[in-house]
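Given next are the chains, with one letter for each unit.
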Amino acid sequence: MPDLDSGHIFLTTLAPIRDGTCADGHGSWRQRVRNALMELPTAQQSPATIKSGMTSPFARNMRTHLARMFVLDDVVYNGREGHDAIASTLRSLTGDKDAGNPAIPQHTDFLNCSYLVFCADIDAVKMDGAPLPTTLTAAEQRDVRKSYAMELWRTMGEELSAIYSNCVGFDDIDTAEKFADYLDRCHVETTMPFHDYYIDDLSGAFHRLPLKALAAAVGIPAIITLLALLWALFSSAPMPVVGGNPIWTALIGGAVTFGAFVASVRYAIANGEKPLPPGPYDDLRSVLKALYVQQSFADLVIDMQGASPEEIHAAYGRWSAAHRPADVTGPSQPPGILETPRAARPTEGAA
């Protein structure tokens, strides 16, 4: 499941940061990227950030579920690659004296420069409010990424310029179109997306493997091959049912078994790469609406403690008319905050 899964694009881009010191001599390009990132306000996700009154510029659009930017100086060294002691011993007997020798350095990967990494979980749509897709071609995914990049430029172009102006190849980027092309050049495939909003399998959304069919496709010719080999060992007569020479039967059965095994593995891999369909209410508007309704309904429950059934029934009617639970276009919670202040919610009974 690469970039697209469950109606979301899991975007990953790596932009190379300029090497060396800035032209004005004040610090390195890498440090300037860090400074620009440090100045970005986060979402209002804690008492301190709520009191600041500022919120993340990514909250200026209605497609970003989660965004993260950071500087990657180098890859992590995970230690030496393991080896099979018996295989290394056998190789050393054939003249390979370095086989398994822990004193011999192994190849280690390094980055050629520092990179600005941008990761985002976004609705895979080209227009706000459009339904989430189940599948997209590679070209359609590229169009979605381009549309999102252009939306970012329109809503937070100033912050993006302050960050990416320290990166290689950003000198002439001054329009949304150019920024989208630049970000596409920095795009790398996401191989392990993480999605946390659902999922049950009541609708059969999971792409389950037909294990019984795959086992039969591989197992039946394998059993015939085994029987043919046993028949060839203990009898010179033609095989019953299958007939013919048991050696040829075993060879043909072995070839069919191998082919079926390879095809089954490829099918399993392709099945695992299929994107899951979007879950119900999985777009950002629905998520924000759900958070909003949860809070406003909790207020109603608290306010109705000790009230009569008639009063509760009437209050629920006013609450439903004011907050419109099924209408994702509003009223709703703005992006970038965890809680909508009660004062910002419409008064029950308002149209």
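Residues numbered from 1 in each chain as written. Predicted model: local features only at pLDDT ≥ 70, side-chain atom pairs only at ≥ 80, totals over all residues. Heavy atoms only, no water.

1. A closer look at the packing of aromatic side chains
Here is step 1: In this structure the tally under the stated criterion is 10 aromatic pairs.
Here is step 2: Ring plane angle 25° and centroid distance 5.6 Å describe the contact between Phe58 and Phe118, whose orientation is recorded as stacked. Remark: Phe118 occurs in strand β4 (residues 115-123) and Phe58 occurs in the loop between α2 (47-52) and β3 (64-72); sequence separation between them is 60 residues. Each of the two residues, Phe58 as well as Phe118, counts as buried.
Here is step 3: Both rings, one in Trp153 and one in Phe170, keep their centres 6.5 Å apart while their planes meet at 55°; by these two values the pair is tilted. Residue Trp153 is found in helix α4 (residues 138-164), and its partner Phe170 is found in the loop between α4 and α5 (176-185); the two are separated by 17 residues along the sequence. As far as the burial class goes, Trp153 and Phe170 line up, both buried.
Here is step 4: Cation over ring: Arg32 sits above Trp29, and NZ or CZ is 5.9 Å from the ring centre.
Here is step 5: A cation over an aromatic ring shows up here: Arg68 above the ring of Phe70, its NZ or CZ 4.8 Å from the ring centre. (Phe/Tyr/Trp six-rings, centres within 6.5 Å; stacked < 30°, edge-to-face > 60°. Helix = DSSP H or I, 4+ residues; strand = E, 2+ residues; numbered from the N terminus. Buried < 20%, exposed > 50% of the residue type's maximum accessible area, 1.4 Å probe, protein only. Lys NZ or Arg CZ within 6 Å of the ring centre and 35° of its normal.)

2. As for the sheet that holds strand β2 (residues 8-16)
Here is step 1: Spatially, four strands are ordered β1-β2-β4-β3 in an open sheet, and the strand pairing comes out antiparallel. Edge strands, defined here as strands with exactly one partner in the open sheet, are β1 (4-5) and β3.
Here is step 2: Contacting β3 and β4, helix α1 (residues 29-39) runs over the sheet at an angle of about 150° to β3. (Pairing = 2+ DSSP bridges. Contact = heavy atoms within 4.5 Å. Axes fitted to C-alpha atoms, helices over the stretch in contact; angles between N-to-C directions.)

3. Description of the nonpolar core
One recurring pattern in soluble globular proteins: nonpolar side chains tend to sit buried together.
Here is step 1: Within the largest apolar cluster, 38 residues are counted, with the highest numbers of intra-cluster contacts made by Leu116, Phe118, Ile163, Tyr164 and Phe179.
Here is step 2: Looking at this core, the element that brings in the most residues is α4, giving 10 residues.
Here is step 3: Non-local contacts of Ile163, meaning those with residues more than four positions away in its chain, are made with Val33, Ala36, Leu37, Leu40, Met69 and Leu116.
Here is step 4: By size, the runner-up hydrophobic cluster in this structure holds six residues, among which are Val293, Met304, Ala315 and Trp319. (Core = buried A, V, L, I, M, F, W, Y, C linked by side-chain atoms within 4.5 Å.)

4. What about the pattern of salt bridges?
Here is step 1: Following the criterion strictly, the structure yields 11 salt bridges and no others.
Here is step 2: With its nearest N and O atoms 3.9 Å apart, the salt bridge here joins Asp3 to Arg145. Placement of Asp3 in the segment before β1 and of Arg145 in helix α4 is noted, with a sequence separation of 142 residues between them. The same class applies to Asp3 as to Arg145, namely buried.
Here is step 3: The partner of Asp184 in a salt bridge is Arg145, and the shortest N-O contact between them spans 3.0 Å. One end of the pair, Asp184, is in helix α5; the other, Arg145, is in helix α4, with 39 residues separating them in the sequence.
Here is step 4: Here Asp184 falls in the partly exposed class, since its relative accessible area comes to 30%.
Here is step 5: A relative accessible area of 12% places Arg145 in the buried class.
Here is step 6: The structure contains a network of salt bridges with shared partners spanning Asp3, Arg145 and Asp184. (Salt bridge = Lys/Arg side-chain N within 4 Å of Asp/Glu carboxyl O.)

5. Topic: the pairing of β4
Here is step 1: Counting buried residues in β4 gives eight out of nine residues, a clear majority hidden from the surface.
Here is step 2: Relative to β4, β2 is paired through nine bridges, and the arrangement is antiparallel. Within β4, the residue paired with His8 across the bridge is Asp123.
Here is step 3: Alignment of β3 against β4, held across eight bridges, turns out to be antiparallel. Within the sheet, the bridge partner assigned to Thr64 lies in β4 and is Ile122.

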